[in-house]
Amino acid sequence: MRGHAERLNGLGTTIFAEMSALAVATGSVNLGQGFPDTDGPDSLLEDAIAAIRAGANQYPPGRGIAPLRQAIVDHQKRFYDLSYDPDTQVLVTTGATEAIAAALLAFVEPGDEVIALEPYYDSYAAGIAFAGGRRIPITLRAPSYRLDLDELRAAITPRTKVLLINTPHNPTGTVLTDLELRGIRDLAVEHDLVVITDEVYEHLVYDDHRHIPLATYDGMAGRTVSIGSAGKTFSVTGWKIGWVTGSPDVVTAVTTAKQFLTYVSGSPFQPAVANALALGNDYFDGIRATLQSRRDLLANGLSDLGFEVHRPAGTYFITTDIRPLGHTDGIDFCRLLPERTGVVAIPTQVFYDNKEAGRPLVRWAFCKQEALLQEALTRLQKL
């Protein structure tokens, strides 16, 4: 048999699978993969159970059930004053990962260049490869992880088609500022680029930072593919309910690709998420405050252990520099960590093309119960 397609080169088993397997084999506390160890709100869970019992177990409409599409529209209006038509400007997807893949397939031709902010979520590289695009990284450098707009400007060529922007940013935790977002807008308009924005951590922003969708800026409504998800906000990452909002043309293009990926999914979860999006501000404020407290617990503990801690403005993750502990390579460090301490983390360099920029960096997930975070810190004292 002939070999696999070249587009799969470099896309082997994900680092998450490798480290999660190590966690199981060694009985380690898993601070690697970004999933919470508690369920979402009781009302959300009960609504899904009720939907199953009521018969919501077959194919839903291709773009998602009407109540969820309306709830997404209401959510965008409530939090960002963005107005959408639920029938033509919303698409429900199988999580944000599918939304990203479908958006790339919809807008990237073979040979087109896609600029992405690195380090980046590993599905970005796969999605760009599947679409036949060429990945162009713009490095967010430690410890500030700020976007260099001059570097972004210099990276744009006549073959650039898409800017793939993630804010709040996984894995660095940076939240792009108004100045940075305006710079992206100016370049997108000047060069007639499509902008795909991964905003799954939109409600998980801490301290005095705030998330501003790119779609709110003048000139972006018709060129922005905005992507959201229920998984992180409601602690149901396994439900895989995401969505796309944008102009009718944008959403139709993404729908055309998406319908041949999963077609539809999550029938009983869709009405539950629709209701959850209408929860009061006390829920959204509460999940943010809880995670900020856990961020501080883990960040302070890692700092006390000698790590150089880059405290995030958002997301589930803290990045640390391991060089103060005498280590220089994050992959080697993370592979020895479970056996030595009983804790699992993720080496950040796997999310970079510019490997040297990420080599000494390690990512830790703080979306866990406080007792588990404290146990991890206790185990890490063996270092």
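Refer to the structure printed above.
Residues numbered from 1 in each chain as written. Predicted model: local features only at pLDDT ≥ 70, side-chain atom pairs only at ≥ 80, totals over all residues. Heavy atoms only, no water.

Asker: Would you take a moment to explain the sheet that holds strand β4 (residues 134–139) for this structure?
Answerer: Whenever strands of a sheet pair, they do so through backbone hydrogen bonds, lying parallel or antiparallel. Strand order in the open sheet formed by seven strands is β2-β8-β7-β6-β5-β3-β4, with mixed pairing between adjacent strands. The open sheet has two edge strands with one neighbour each: β2 (90–93) and β4. Each strand axis lies, on average, 20 degrees off the axis of its neighbour in the sheet, ignoring direction. As paired elements, strand β3 (residues 113–118) and strand β5 (residues 160–166) share four bridges and run parallel to each other. Residue pairing across strands places isoleucine 115 opposite leucine 163, the latter belonging to β5. Each of β2, β3, β5, β6 (194–198), β7 (224–229) and β8 (242–245) touches helix α4 (residues 95–107); the most contacted strand, β7, lies at about 165 degrees to it. (Pairing = 2+ DSSP bridges. Helix = DSSP H or I, 4+ residues; strand = E, 2+ residues; numbered from the N terminus. Axes fitted to C-alpha atoms, helices over the stretch in contact; angles between N-to-C directions. Contact = heavy atoms within 4.5 Å.)

Asker: Can you help me understand unusual backbone geometry in this one?
Answerer: Glycine aside, residues mostly have negative phi angles, and peptide bonds mostly take the trans form. Between alanine 142 and proline 143 the backbone carries a cis peptide bond, its omega angle lying at 0 degrees. For proline 143, the position within the fold is in the loop between β4 and α6 (149–155). In the segment running from threonine 167 into proline 168, the intervening peptide bond is cis, with an omega of -10 degrees. Looking at the secondary structure, you find proline 168 in the loop between β5 and α7 (178–191). At aspartate 81, a residue that is not glycine, the phi angle is positive and equals roughly 60 degrees. What makes aspartate 81 exposed here is its relative accessible area of 56%. Even without being glycine, tyrosine 145 reaches a positive phi, approximately 55 degrees. Topologically, tyrosine 145 is positioned in the loop between β4 and α6. (Buried < 20%, exposed > 50% of the residue type's maximum accessible area, 1.4 Å probe, protein only.)

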